[in-house]
Structures are given as C-alpha cells and as structure tokens.
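Breakdown of the fold
Next come the chains, spelled out residue by residue.
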Amino acid sequence: MTIRRALQSMLLAAFVIVRAPLTVAAEPAPMRAWVVDPAAPGPHMPPVGVSLFDQLFADGRGGHMVPFPLDTLLARLDPLLARDGASTLPPVKPVLIPLGRSLQRTAAAPDYFRFPRVVLAVDAPPAPGAPLLKDRLYIGYAEKSAVLEVISYNEAAGRFEFQLVKDYRAGGQPRVFYANRNICFACHQNGAPIFSRALWDETNANPAIAARLDAVGRRFYGIPTGRGVDLPYAIDKGVRRANLFALSQRLWREGCGPGDPGTACRAGLFAAAVRLRLAGGRAGRPDAAFDEAVARPLRSRANQLWPDGLAIGRSDLPNRNPLQGVTCWPDALPAQLALSHVPARFEPLAPRPPDAWWRADAPEALAEAVAGVAEFVADGQWPRVEAALARRAGSLPRGVLALDCVPQPASRASRCRGPGGTTLDLADGRISRLSLAGEPPQPAFALGEAARLAGGDWLERVDARALKAGAGPLQLRLRTDSRALASAMDALAASPEGAALLADRPIPGAALVTALLKMLGEAPPKPPQGVPPTPRLETPDTPPRDAPMGTPQPRPLAAFHAWCAACHLSAEQFPPNFLQGPRDELEARLRQCAPRILVRLTMARRLPAAREKTPMPPESMLPAFGIHPAAWATSPERAEMEAVVATMLRLETGREPDPDALLAGGYESLRPCLATGAH
C-alpha cells in the first residue's frame, strides 16, 4: 500500500472533514481591546507612503542602493545622527547575538560564533536637517544567509514596516522586499520591535558569549566583542519607546475623533507636544484651553470607545542565557545544534500578556498622550523651530515676574515666593529650585545662566541685584516664546494646510513641523529629489506550478495549505517554505518535515507549562482563523494534520511516533524541514 493510500484509508475511516466554519468552543471572556491586534497584521505592502529604510537608501530612480559591507552602511547613517557629547556610546547601538531567537537563528549552524547575528538600533536624535530615525530604524544581519531584516517606521501609514534585503553579500546585488507581515506579527505581536529583558544574556554583554566570540578571532564589522550592558540597555529603552507609537496613533486619530472637534483636539495635542519638547520633557500645567479642546473630549470619547482601556502588547522577551550550564563547547555536531534550541517559555512566538493598559480615567492618561505625540515632533528641523520662536518672541513684550525673598536660618540661602505659587531657592550663586505656578521644578543652574521653563518660555536672566543679605525683591525676566508658539499654532490650525494635516490621519510629524516653521516665517526645507523606491512584496522566486488553493488537493493534505500557507509558502527558508513547489511533491516535503510538524501540532493539546515548543499555528494568530487555542486543540482539522504526519512517521519507522521520544535529543536535533537545512 502506498503512503498516500494509507493516509487516505486511515483518515476516511476515522472521520470525514468538510471545509466549513469550525465548531468553536466557548470563547474565553474577552479582555480589553488591544492597541494592535496580534492577529491583524494589516496589508504586507504599505497602504500609503514608504518606509524610512526606503527613503534612506533610495537611488533616485525607483530602486535602492544599500551599501555593503555592514560597516559601510553604518557610516552612511552616522552623519544623519546627533552625538551626545556626554556619552561614549555610538548613535547606532550594535550587539552580537550568536545563539538568538530570530527566524535566522540556525542560519549559521554550527558556526554560530563565527557568524553571529548583528542587531542595530538607532536611538540618537537627528542631526540638523536629517530625518527622525530615533527609535524608528532596526536592522538584523545574518551574514551566512546574506539577509538584512529591517524594521523601520512609515510615518504616512503610522506603522512599522517589515522588510528583507536579500543577496546582501560581496559581489551581490541587494534586493529590497516588503516581508510577509503574517510571519512578522507571529513574534512582533504589537507590530513593533522586540528585545530581551535584562540581563541580555543572549548578547555579547554576556561575558561567556563575548569570550567565545573573541576566541574565533574575527573582526565583527567593527563591533567590539567585549562590552557591558550599556548597549543592550539602550536598545531595550528605545524598543520600549517605539512600542508606544501605536498607542499614540490611536489616541491621535480615534481618541480625538472626526470633524472640527477632532481637529481642535489634535491641534491642542500638537501644541502641548511642542511645548514639552521645548522644555526638555518637563510638562507645564495644562490651561483651560487645553482642558476644553483636548482633555475633556479625549477622555469622553476614549471612555466610549474603550471602556475597559487599551491593552498595549509587550515588546520585551524573557531573558535567556543559551550557555547556561555549558562549561565547554561540545565537539559533536548534534550537541552544538542542541544549544540553539529555544524552549517554549522563551519563544517570541508564545502569546504575551499585555505590557500595560492605557485608561482614559487614569491620572496620567493625558500626560501620556502628549508625551506620545512629542515623540513625533523632534526631527532634524527642530533647531530651526527654536530659532524661529526666539525671533518671534523678540518682538513681544518681555515678561517679568517679581518674587520676594527671605533668608533661611543658619544658611546663606534665600527662599523666594511669587504669584501663583512660584518658588525659587538661591544659594551660593545657584538656583537650586525654580517652579513657576505649579510647574515641575527646573534642574539647578547658575544665577547668570539662561534656562528653558516648563511652560515653553525662555528665562533670560534672574535679576537678584536688589537682594540685601538674602532678603528683598528678585525678578525673573522671560522671553515669551509660549506666546509666539500659541500665535503660530492658532494660524496653523486656521489654515487649509493645517486643517488637512490635523485631520483624521496618522500623525504627520515632519509635515506639521514644516508647516509650523512656515507660520513662524521660515522658508520650508527643499523636498527630496528623485523617484522614491517602488515597493515590492517578498514573493516566491519560483512560484508553484500549481496554485495551492486553486486546484484540488488530496483531502488529507489540503489542510496544510489552509492553516500553514500564510507563513510557509514563501521565497524564504526561514521559516521553512515547505509548501512552495509542485503539488505532486508536497507529500515528500511534508514527509521530510514530519517530525517537526508532529511536535508542533501535538503541543496544542498540552497545557502551556508542559510544552517544550510552541504550537503551530502560533496561538496569537489563531483569531485570524476564527478560532481560539482551546478550540484549536480539539478541532478535527488539527487532528487531521497530526494524523497525516503521524502516519508518515509510522510507515517510515514501523512504530507509533511519540513526541517526547522525538524530543529526547532536543528539537534542533530533529531533521530539518528542508533538505538545505532550514529549520
């Protein structure tokens, strides 16, 4: 009896499968609405605009020019980023991860330490005139597969884009494709970058990892092998900030709502965000206008839309040390491969609970909304905004605040008080505490220095000449930048251009900054020249000769296309594209992959704590199929696929397949799904 006939006889004797809506078990009680639904990745191609990566590496003729090697690409980014003079860290943060959790985790097997994966993250502000890359550009590089995996922001679409650069090697012709978002969202469940929690033991911050990299004796693209936790810590912080972009977009669009009230709400949010940026992150006290235009309508609408709050997907993964308990590197190949195994509890594919919830009635809700929008307004044009505000404020009357000071007992300090609760402490020629009308206190500064206040005004000087023995009057002389900003924002909101920019659309940060500059009398920057790259979707290099869903499949095999094609019918070998190819060879490809498929399918029947690997399809994606994990575990279609691969293994080995026995040598010791070695 052939394998095909054995499969058909066994399955048809057990049950009859009809491709119809599944009988779904009772859905668990719904949780709060997700900011980003893990099961709704959106279109693979940008619905509007292009990614930052496309903009950076456009060749001006509709294509790309991606520099090779990697250190040349880094040199291309360097002049676009501002350097922190107080820090020794580079503006692009690199780490080396030889035994990681990415899809490319086994690409270098078994030479993990000779060809570690590189992760690059930009967390530096832009240089003058440069685009805003901070927290918006992430690159993973797997040298052995000659692939760059890119996550970069698309401001026009208000989302991160996922891309692949193929043939990134010496003598190659790099080709840039948009990736299959189904695959990406299986791990990037908030549609944003992810990274490990401290202590980042997968990276070269782990001394054992760094020592093995050093022993190889390679120069890793100019990246030091021995490094502390400062670089991964910086990446972690940037990823956490990036993870909140989607929340800011939903509050901006849906929280403010449509029509004139929505436009007024977004104008108020943007003005408050600009003031927050001016003050270096110190928020002034909201005024009555902000309360009327932003606070009350946003709270009211958000309570209607999301009465239980918005759940924010997690960007952090559990810390994992792949060398835990390893005293020396094994000589045997199976033992080396086993060290790349990622247990289920560490898998990015495992569904993650929310990181936090945003609730409209929380005391910090409005401050978080303003701070989120502020992440979109500090591009490379920001120095021009500050200079233009200074020129505008120069034509306005100077503000003067008068304070009365009294000396403090047993010290040379003075404590000064003014209208509206203004406070100031002066000692030894330094202002140690200054707070205007309930604003957050300023950092300490010298008496003769200028300072930016939380409300946006510029403190030109503190006049303490009239003080005698620490007592007497003191004056604060202010340049009223806040008035200049308010006037420019009013003009912007009233203009046709402003109305279009403040409509129900993703936050147009760069365009709003440019429009604000125009209202402040500044000439807009020159638009980029040339033709932007034409987006291309990553599709199979050699399409199957038979359309997988357009022609009948043998019933025992058809379910694999129905449930697996979203991720496993592609041009890439990571994850293994075992569905790509001629229909009449599908059975052979499934047989090659049968041990791994059986393990993944049977894991769905186990409690999460008892799983060695995560089930397939990933549980976070099951809602896209109209089913939840409990129903999938008992569904006849899952059972059908399990029976198919179990029969293949039974006919191959002559015994009943046992998932635990298959896993005895470690999941990575199982034969690869593809003959080329992809797992």
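Everything numeric in this text was worked out from a predicted model, so none of it was measured.

Glancing now at helix α3 (residues 70-77). Residues L70, L73, L74 and L77 constitute the buried set of α3. For α3, the buried positions fall inside an angular range of 100° around the axis, keeping them on one side. Where α3 is buried, its residues contact α2 (52-56), β2 (92-97), β3 (117-122), β4 (137-142) and β5 (147-154).

On to the sheet that holds β5. The strand order across the open sheet formed by six strands is β2-β3-β4-β5-β6-β7, and the pairing between neighbours is antiparallel. The two strands at the open ends of the sheet, each matched to only one other strand, are β2 and β7 (175-178). Pairs of neighbouring strands in the sheet enclose a mean axial angle of 20°, with direction left out of account. In the sheet, β5 pairs with strand β6 (residues 159-166) via seven bridges, with the strands oriented antiparallel. Within β6, the position partnered with N154 by the bridge is R159.

Under the criterion given, the structure shown has three disulfides. At a sulfur-sulfur separation of 2.0 Å, the disulfide partner of C256 is C265. Classification of the bridge connecting C256 and C265 rests on its S-S torsion, roughly -60°, and on that basis the disulfide is left-handed. Of the two residues, C256 and C265, both sit in the buried class. Note on cysteine connectivity: C405 is disulfide-linked to C416, with sulfurs 2.0 Å apart. Taking the sign of the S-S torsion, about 105° here, the bridge from C405 to C416 comes out right-handed. Of this pair, C405 sits in strand β12 (residues 399-407) while C416 sits in strand β13 (residues 414-417), placing them 11 residues apart in sequence. Judged on exposure class, the residue C405 and its partner C416 are both buried. If one numbers only the bonded cysteines of the chain, in the order they occur, the disulfide pattern is 1-2, 3-4, 5-6.

The next subject is the pattern of salt bridges. Applying the stated criterion across every chain yields a total of 45 salt bridges. One salt bridge in this structure joins R241 and D135, with 2.7 Å as the shortest N-O distance. Pair noted here: R241 is in helix α6 (residues 230-242) and D135 is in the loop between β3 and β4, with a separation of 106 residues, a long-range link. Accessibility expressed as a relative area gives 25% for R241, which makes it partly exposed. One salt bridge connects R596 with E668, and the closest N-O pair in it is separated by 3.8 Å. With R596 in helix α17 (residues 586-603) and E668 in the segment after α20 (659-662), this pair connects stretches of sequence that are 72 residues apart. Neither R596 nor E668 differs from the other in exposure class; each is buried. Among the ionic contacts, a cluster of salt bridges with common partners joins R197, D236, R240, R314, D316 and D355.

Moving on: the packing of helix α8 (residues 259-278) against helix α13 (residues 481-494). With their axes 11 Å apart at the nearest point, α8 and α13 run at an angle of 150° to one another. Taken together, α8 and α13 sit at an angle that is classed as roughly antiparallel. Of the two possible hands of crossing, α8 and α13 adopt the one that is right-handed. Within the contact between the two elements, α8 uses A267, F270, A271, V274, R275 and L278 and α13 uses L485, M489 and A493. When the residues that make up the contact of α8 with α13 are grouped by side-chain class, the tally is eight nonpolar, no polar and one charged.

Time to look at the environment of S152. Position of S152 among the secondary structure elements: in strand β5. As for S152 and V48, which are separated by 104 residues in sequence, their C-alpha atoms are 14 Å apart. For S152, the residues in contact, after removing those within four places along its chain, are S51, L52, F53, R136, L137, R159, F160, E161 and Q163. In this structure the side chain of S152 is engaged in a polar contact, spanning 3.2 Å, whose partner is the backbone nitrogen of F53.

For the rest of this paragraph, the subject is the sheet that holds β13. Taken together, eight strands build an open sheet; the order of strands is β16-β15-β14-β13-β12-β19-β18-β17 and the sheet is antiparallel. Across the chains shown, the open sheet's two edge strands, defined by having one partner strand only, are β16 (445-446) and β17 (451-452). Relative to strand β18 (residues 458-463), β17 is paired through two bridges, and the arrangement is antiparallel. Its bridge partner being in β18, A451 is matched across the sheet by L459.

Bringing helix α15 (residues 509-519) into the picture now. Buried within α15 we find G509, L512, V513, T514, A515, L516 and L517. Tucked inside the fold, the buried residues of α15 contact α7 (245-255), α8, α12 (382-394), α13 and α14 (496-501). Positive backbone phi, approximately 85°, marks G521, located one or two places after α15.

A word on unusual backbone geometry. The omega angle of the peptide bond from A109 to P110 is -5°, so this bond is cis rather than trans. Here P110 lies in the loop between β2 and β3. At the junction of M616 and P617, the peptide bond is cis and its omega measures out at -10° in the coordinates. When you line up the elements, P617 lands in the loop between α17 and α18 (629-633). The backbone of A146 sits at a positive phi, close to 55°, despite the residue not being glycine. Structurally, A146 can be placed in the loop between β4 and β5. Looking at A146, the relative accessible area reads 10%, which means it is buried.

About the thresholds
- Residues numbered from 1 in each chain as written.
- Predicted model: local features only at pLDDT ≥ 70, side-chain atom pairs only at ≥ 80, totals over all residues.
- Heavy atoms only, no water.
- Buried < 20%, exposed > 50% of the residue type's maximum accessible area, 1.4 Å probe, protein only.
- Helix = DSSP H or I, 4+ residues; strand = E, 2+ residues; numbered from the N terminus.
- Arc of directions from axis to C-beta.
- Contact = heavy atoms within 4.5 Å.
- Pairing = 2+ DSSP bridges.
- Axes fitted to C-alpha atoms, helices over the stretch in contact; angles between N-to-C directions.
- Disulfide = S-S within 2.5 Å.
- Salt bridge = Lys/Arg side-chain N within 4 Å of Asp/Glu carboxyl O.
- Parallel < 35°, antiparallel > 145°, perpendicular 65-115°, else oblique.
- Left-handed = near helix turned anticlockwise from the far one by under 90°.
- Nonpolar A, V, L, I, M, F, W, Y, C, P; charged D, E, K, R; others polar.
- Polar contact = N/O pair within 3.5 Å; in protein donor to acceptor, adjacent residues only side chain to side chain.

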